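Here is what each chain is made of, one letter per residue.
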Amino acid sequence: MAPSSLNVMLKGSSGRSTRGLLRVIILCTIAAAAVSSRLFSVIRFESIIHEFDPWFNFRATKYLIENGFYSFWDWFDDRTWHPLGRVTGGTLYPGLMVTSGVIYHILRLLTIPVDIRNICVLLAPGFSGLTALAMYLLTSEMSTSPSAGLLAAAFMGITPGYISRSVAGSYDNEAIAIFLLVFTFYLWIKAVKNGSIMWGALTALFYGYMVSAWGGYVFITNLIPLHVFVLLCMGRYSNRVYISYTTWYALGTLGSMQIPFVGFLPIRNSDHMSALGVFGLIQLVAFAEFIRTYLPGKEFQKLLTSMILLTVGLGFGGLVLLSVSGVIAPWSGRFYSLWDTGYAKIHIPIIASVSEHQPTAWPAFFFDLNFLIWLFPAGVFMCFQKLKDEHVFVVIYAVLASYFAGVMVRLMLTLTPIVCVAAALALSSILDSFLVASTPSSSSEAKEKPTAEDKSLRSTRKPVVGIYSFFSKSVVVGSVIVYLLLFVAHCTWVTSNAYSSPSVVLASKLPDGSQYIIDDYREAYYWLRQNTPDNAKIMAWWDYGYQIGGMADRPTLVDNNTWNNTHIATVGKAMSSREEVSYPILRQHDVDYVLVVFGGLLGYSGDDLNKFLWMVRIAEGIWPDEVKERDFFTARGEYRVDEEATPAMKNSLMYKMSYHNFQSLFPPGQAMDRVRGTKVPKESPQLNTLEEAFTSENWIVRLYKVKDLDNLGRDHSSAVAFDKGLKRKRATKHKGPRVLRTE
Amino acid sequence: MQVKYKNARLSKSKVTATQDEEKLLSISRSAQCGRLGHPSIQWGPRIISYASFPKLDLTLPHLEFLSILNLGEIVSSSLCAATNLTTPSRLDLPSGFKPPQVFKNTNLVRNTNLEKSYVRETINVVVENVDNQPQNEYYVPFPAEVFDRIAGFEVRDKKAPNKGRFHVDATEAVPTSGNQYFVIHLPEPLEPKSQITLRISYQVLSALSPLPATITQDDKQYLTYSFSAFMPSAYVTDTQKTKLKFPSAIVSDYTTTDGLKSGSDPERMGATYTYGPYDTAKVAPGTEHPITVRYEFTKPVITVNLLERDLEVSHWGGNLATEERYWLRNNASQLANHFSRVKWTYTNFQKAPTSAVRELTYPLVPGSVDPYFIDDIGNVSTSRYRPSVGKKAGHLELKPRYPVFGGWNYSFRIGWNNELSSFLRRAAGVNSDSHILKVPFLEGPKMAEGVQYERVVVRVILPEGAHNVRFETVEGINSNGLPGANSIYARLNSMKTYMDTLGRTTLTLEVDSLTDEARDAMMVVTYDHSMMDALRKPFTIFAGLLTLFIAAWGIGKIDVSIKKR
C-alpha cells in the first residue's frame, strides 16, 4: 500500500501540488536558516548596532521616525562636520531608513511596541531571508532543473560572502540592497524573456528602490545596458529586448532621479552614460530592423553603414564636447580606482585608507565562498552551452563581478549572488545526472541498435547516455554531500568567528574561561553623553564620527561620511602636529574634547597610532610643507614609538595623547605597549594645552579636554612650567634677606 | 477652607455592586473613557513627558455633588472607576497667618540622624492644650524652600503607634513669613490642659552640602549640615534638645554655643552629639540659633532626579513585569581636577572608600527572573545577578559603566519579571471579578549611604478593561516612608500596547521627594476585570485575521485581466 500511495503523492496533478508544497516548505526552511545563522552576535552579545556606518543609519532612522518624512528629507545636520554641517537629507540614500520607518509604523499601527533599534538590528537578517527567495526565483529562470533554484537559495542564504554584510546589527545599505539587486535582476530576466511591459515596469520599480537604498545601484545601471548591448552585438535583437529595455530605462531613470542625492546624475554623470547610449542604440537598431522589412538587402547595407558611422561619430563627438564643457561630470576618483588599484593610493589617500577599499587577497575568495568558487567557472561554462538571453546575462555578470571583486574587498558582495547562481547550476546538473535512480534501460538500447547500425556511422548514432554503475553514482553523490556538509560547517564557522563581532563591544576570555566583555567604547561615549554639555564638540579621527554621533550624541568635526577631504586633513594635521600648531586649530574649530583610541594596554591593534600614518598622509596631501610623512620614520625607515621615535613623532599630539600618563601604570621604565610590542619612553609626554578628562577602563578610549586660554595671558607651556616649578623657582629667588610683606 | 477627601478603604461590599450601580458605572465609564487620551508609548530609550498626560478632572464640585447624592458606594466607584484617586491640593493661608497659639510644647526631643546621605529626623514632642476649647489642629512650620524637600512626613501618637498615622494636610507658603505648614489633625480633639505625645518623623533631601565643594580624586569628603538649635516650632517650647548622630566619630567642625545652657554644649559621645537641653519657655517661637556641623562622609550622595517605575500586570501571561528608569546623579563633592584612571585603578585595587558610585546593590523579590540592566546605548555588561535561593532575595549588582563621581550623571533602566500569582489575589466569591494586587510601591537600590528620590512616578499597568480601580498604601506600626495618601498624585490613563483595542488601564502615582526609607512600602491596588475583558483580545485578533483572510480571498477572486473571455 505504502509505495502506491507514495506514487499517488508524487505523480500526476496531486504530485505537482505535493512538490509545490515541498518546495514552499524547503524555501521557508532556507529562509529561516538564513535568518538564524545571522543571529550569532545577538545571542552572544546583545541586540546592538554594529561597526561604524550603521550607527549613522540608525541615528538617521531615529530622526526619521521622530520628525517625519518631510523634515527628514530637509534634514540639515549641524551636529556633524562642525562648523560646516551636512545636508544630510540630500546626501544619503534614504531607502534603508524609510524601509525600517515603514516597518516601524506598521507595527505601531498594530500597537505592537517594538523598539526601533530592534527593527534596525533585525532588518538585515530579515531581508537575507527574502534574498534567498529572490535567488530561487532568479536561478529558476536560468535552469529547467527544479533543484538549481533551491540549491542557489540555500547557498545564498548561508554563504559568508553575503553574511559578512548582513548579520544582525549590521544595519547598512547593503542589508536591503542585495535583496533588491537580486530581485531586480530576476525581474529583468523575466522581462527579457516575456517582452512584457509589466515586468519591465516592475524592474524599473525595484531599480528605483535600489537606487534609493545603495550607491551600488550603478552596477545595475551598467549591467543591464551591457546585457542588451551584448545581445545586440550577438544579433539577438528582438521586440522583447526592445520593450523591456526601453520600459526599464525610461521608468527607472525617472524613478532614480527622485532621490535628491542622485538627482540629475543619470543624465550628467559618466557612470550612467552607457545606459543612455544603449537606449539610443536600441532605438537605432529598432529603426533599422523596421527599415529592413521594407528595403532590399543591398540598399539596406549601405544605409546601415552610413548610419552607424554617423551615429558613432556624432555620439562620440557629443560625449567629448559635453565632458570638456563640464555638462557631464568627469569620472569620479572612486571609479578610476576600480581600474587602477594604485590610483587611489597616490591621488586620494582618503579612499585608499578605507579598509574595505583594499584589493582582495586570494584566500578571501575561498574564505567567503568556499567550494562555490570552484563550481562557479563550471556553472558559467554550462551557461555558454545553452546561451539563451538569460545565460548571456549570467556570463556578463560573472565576468564583471569577478573583476570588481578582485579590485575591492567590498565588492565581493556583488560577486556572491552570481557565484551562487552559477554554482547551483553546476551542482544541480551533477546531482540531476547522478541522482536519477534508474539506469537507462537496455531494452530501449536494444531497440535502437538495429536501426542505427544499418544506416549511419557509429559516431553519428545517438549515443545512449546514462550512469550505469551504482558505485559511481554513490561515489559522486557521496562526495557532493560531503562537500555540501563541509560548506555548511565552513559557513557557520566563518560567520561565528569572523563576521559576528559588533566591534563596538569586544569579547575576551578570562583565565577561568568565562567571557569578559570589553566595553570601553560605550563607557567613554556614555560618559560623554551624560557628563558633558549638549553641544560640546568632540574631535576624533573620522572613523569614530558616526559612533560619537550615535552613542555619545555630541557634535563631531569629521565622520565616516568623508565628503570633505580638507576638513579631515585639518583634523589629521591637528593630530600629527606639535601642540603649538594644533592648539590654534582646536580653538578655531571650537573643540572641547579630543578623543583618541589607544590599544597599548590591552593589545587592541585597531587603535589610532596604527592608523596614524594615514592621518599624516591625508594631512600631507593638503599641507605638504607642514606635515611630512618622512618625518615620522626614523633614519632607518622604521615606524617607532619608543625612545628612538623621531622628534616629529614624539611631539605630535596623537603620540602625546596616547601615552600621556601611561607610564605611571607600570613600575618605572617598564611601560610596555602591547600593540607595537615595544617599551615606551620612561617619561610621560608633557601635555600643555590639553588635560586628561576621562580614560576608559582598559584605556582604549582616552578623552582630553582642551584647555581654555590662560587667565594671565601666558602661553600654556609656560603656565604649566610655572605651576610645576613654582617651588624651585622661589627657592632660587629668595636669596636675599626676607622682607616683611605689607598688604 | 478645609479640603477633605474620602479615603476609601477596602471592603467586600464595594466589590459586589448591584445591577443598577453596574449600569450607572458602565455609563460613567464610557463617558469618561472617551476623554482619556492615550499617551504616546515608546518602548526603548525614552523620556515620557508627563505634562502631556491628560489629567482626570477630579475637581472638588464633582465630589461634593456626588456626596450630596449620598450614594455611598457610587461615590467611591464612579468617575471612570477612579475612586480614591486624589490630586493633592494645598490649603491656602491668608497673608500674615500665624497658627493660633493654642498649644504648648512641654518637652521636645529632636533626633537628627546623619548616617545616610540625607537627613532623617524624628521629633518626639509632648503637646499640651493651653486653650480653653478642645483643639485638634497642630501646625508644624518649615521654611518654604525646605518644605518641598521634606519626604515621608508622618505623625503618630507615640504612646499608641499602632493606631496609625494622623491625617496631615499641607499648606501653601504664607507670603509674609515664608513659612509653609503641615497641619496635623489629631484624631480626637485634645481637651484643655491635657497632653499628647506626638512622634513626627520625616526626611529632608539635599540638606547636606559638601565642603569643600571640589576635592581631588583621593581626598576625603566632608559634608556640612546647618540647622537651628531651637526647633522651629509654631508654639512655645518649654525644654528642647537635639541629638545628632553622625556616620563616624570624625566630626571636623561643629558650632559650640555660649550661654544657652550650663556646661559644655554640645555634649559629645562617640558619634553622637547632643545640643541642649535648653530651657526655652521664654523664647518666642521661630527664634533661630544657627548651628553648623561638618563631618567626614566618604560615600556618594546618590540622588535620583527622576524614577519612573512601571508595573505591568498580565493576566494571560501570569506575569508581573517591572521596569524602572533612573536618572541618577551623585551630589557629592565634584572633582577638582579631571578624572584620573590611574588613581582610580589604585583606589579600586585598595578598595578604598570613595565618594564615587562604584556599584549599586539591588535586592530583588524572591522569584524574580530575567533581570536586565540597560541604558540609552544598550546593555551594561558590567552587572551581575545573583538569583535568589529559596526565600532569600536575589541580588542585582549594578555597576555603572563608569564610576559616577560628584556632579556626574548616570541614567539607566532595569527590569525583571515575577510570577503574578504571588502578588495577585482574586476576591472571594464565585463570580467575583475583583482582583487585589499587592506590590511594592518603591524598590530601588539598597545602599548603606541611602538614596534620595526627587520625584517618583509609579505606573501600575492593569489589564485591558480593568475598571473600578482603587489603591491604598499599606501602613504598619512604623513609618513606611511614604507621605500620606492625600499627597500622592493619582490618576488613571489608558495605554495601548500589544494589539490593545481599548488600551490598558494605567494607574499613575506620583510623589515628589522620597527617600529609600520607603523601600519596603507596599501598596494594594484593587480592580475589577471580568472574563469578557480577558477574552476581548483573542476575539479581536481572531476577527482581525478573519477579515484579512476574507479580504485576501475576495481580492484573489477579482478578475482584472483584459483578455477576452
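Residues numbered from 1 in each chain as written. Chains lettered and ligands numbered in written order. Predicted model: local features only at pLDDT ≥ 70, side-chain atom pairs only at ≥ 80, totals over all residues.

Peer 1: Honestly, the overall build of chain A in this entry has me stumped. Any pointers?
Peer 2: The helix and strand tally for chain A stands at 33 helices and 8 strands. Counting across all 743 residues of chain A, residues that qualify as buried make up 42%. Of the contacts made within chain A by residues no fewer than 6 positions apart, 71% connect residues no fewer than 24 positions apart. (Helix = DSSP H or I, 4+ residues; strand = E, 2+ residues; numbered from the N terminus. Buried ≥ 20, exposed ≤ 12 C-beta atoms within 10 Å, placed from the backbone. Contact = placed C-beta atoms within 7 Å.)

Peer 1: Which parts of the structure should I look at to understand the interface of chain A and chain B?
Peer 2: On the side of chain B, 25 residues touch chain A, which itself brings 30 residues to the contact. Mapped by element, the contributors of at least two residues to the side of chain A that touches chain B are helix H6 (116-142), helix H25 (520-531) and strand S7 (690-695) of chain A. No other element matches the 8 residues that H25 of chain A contributes to the side of chain A that touches chain B. Tallied by class, residues from the side of chain A that touches chain B come to 14 nonpolar, 6 polar and 10 charged. (Nonpolar A, V, L, I, M, F, W, Y, C, P; charged D, E, K, R; others polar.)

Peer 1: Can you help me understand the sheet that holds strand S8 (residues 209-210) of chain B in this one?
Peer 2: Backbone hydrogen bonds hold the strands of a sheet together, and the pairing may be parallel or antiparallel. All names here are of chain B. Reading across from one edge, S8-S10-S15-S12 is the order of the 4 strands in this open sheet, with antiparallel pairing throughout. Whereas interior strands pair on both sides, the edge strands pair on one side only; in this sheet they are S8 and strand S12 (251-254). As paired strands, S12 and strand S15 (residues 290-296) are joined by 3 bridges and run antiparallel to one another. Bridge pairing links Val251 to Tyr295 in S15. (Pairing = 2+ DSSP bridges.)

Peer 1: Which parts of the structure should I look at to understand the pairing of strand S29 (residues 489-495) of chain B?
Peer 2: All names here are of chain B. The element S29 is extensively covered by neighbouring structure, given that 6 of its 7 residues are classed as buried. One ladder, built from 7 bridges, connects S29 with strand S30 (residues 504-515); its direction is antiparallel. Bridge pairing links Tyr489 to Glu510 in S30.

Peer 1: Hey, could you run me through the domain arrangement of chain A in this one?
Peer 2: For an interface, size is often stated in terms of accessible area lost upon the parts coming together. Each assigned domain of chain A is listed here: domain 1 (173-329) and domain 2 (520-728). Its C-alpha centre places domain 1 of chain A at a distance of 51 Å from the equivalent point of domain 2 of chain A. (Domains from an automatic or database assignment.)

Peer 1: Just checking my understanding: could you explain helix H5 (residues 95-109) of chain A for this structure?
Peer 2: Each α-helix winds once per 3.6 residues, and so residues spaced three or four apart point in a common direction. Residues and elements named next belong to chain A. Given a rise of 1.5 Å per residue, 15 residues ought to cover 21 Å, and the 21 Å separating the end C-alpha atoms of H5 matches this to within 8%. If you check which residues of H5 are buried, you get Gly95, Leu96, Met97, Thr99, Ser100, Gly101 and Tyr104. Residues of H5 that are buried make contact with helix H4 (53-73), H6, helix H9 (174-194) and helix H10 (197-213). Where H5 ends, the next residue or the one after it, Thr111, has phi of about 50 degrees, a positive value. (Expected span 1.5 Å × (residues − 1).)

Peer 1: Even after reading the chapter, I still don't get the sheet that holds strand S16 (residues 302-314) of chain B, so can you show me in this structure?
Peer 2: Strand order across the open sheet formed by 8 strands is S21-S20-S24-S17-S16-S27-S30-S29 (chain B), with mixed pairing between neighbours. Bordering the open sheet on either side are strand S21 (378-379) and S29 of chain B, each of which pairs with just one other strand. As paired strands, S16 of chain B and strand S27 (residues 451-464) of chain B are joined by 9 bridges and run parallel to one another. Paired with Thr303 of chain B across the bridge in S27 of chain B is Gln452 of chain B. Here H25 of chain A sits on the sheet in contact with strand S20 (369-375), S21 and strand S24 (409-419) of chain B, set at roughly 110 degrees to S24 of chain B. (Axes fitted to C-alpha atoms, helices over the stretch in contact; angles between N-to-C directions.)

Peer 1: Help me understand the nonpolar core, please; the structure alone is not making it clear to me.
Peer 2: As a rule of thumb, nonpolar side chains are buried together in soluble globular proteins. Residues and elements named next belong to chain A. Membership of the largest hydrophobic core comes to 298 residues, with the highest contact counts inside it found for Ala152, Ala153, Met210, Ala422 and Ala423. The biggest single contributor to this core is H9, with 16 residues. Excluding its chain neighbours within four sequence positions, the residues that come into contact with Ala152 are Met135, Tyr136, Thr139, Cys420, Val421 and Ala424. (Core = buried A, V, L, I, M, F, W, Y, C linked by C-beta atoms within 7 Å.)

Peer 1: What's the story with the packing of helix H12 (residues 239-256) of chain A against helix H14 (residues 273-292) of chain A in this structure? I'm lost.
Peer 2: For any two helices packed against each other, one specifies the inter-axial angle together with the distance between the axes. Residue and element names in this part refer to chain A. Contact pair H12 / H14: the axes reach a minimum separation of 11 Å and the direction vectors enclose 145 degrees. At the point where H12 passes H14, the crossing takes the left-handed sense. Two secondary-structure elements touch here, H12 through Tyr242, Tyr245, Thr246 and Tyr249 and H14 through Ala275, Phe279, Ile282 and Ala286. Looking at the contact of H12 with H14, its residues break down into 7 nonpolar, 1 polar and no charged. (Left-handed = near helix turned anticlockwise from the far one by under 90°.)

Peer 1: When you look at the pairing of strand S1 (residues 506-509) of chain A in this model, what are you seeing that I'm missing?
Peer 2: If a strand is regular, its side chains alternate between the two faces of the sheet. Residue and element names in this part refer to chain A. One ladder, built from 4 bridges, connects S1 with strand S2 (residues 515-518); its direction is antiparallel. Looking at the pairing, Ala507 lines up with Ile517 of S2. Hairpin connection between S1 and S2: a loop of 5 residues separates the two successive antiparallel strands, and Gly513 in this loop has a positive phi of roughly 90 degrees.

Peer 1: I would appreciate a short explanation of the domain arrangement of chain B in the present structure.
Peer 2: Residues and elements named next belong to chain B. Partitioning chain B into domains gives domain 1 (103-296) and domain 2 (302-539). Facing the 30 residues of domain 1 at the interface are 33 residues of domain 2. Ranked by residues supplied to the side of domain 1 that touches domain 2, first place goes to strand S4 (residues 150-157) with 5 residues. Taken together, the residues that form the side of domain 1 that touches domain 2 break down as 12 nonpolar, 12 polar and 6 charged.

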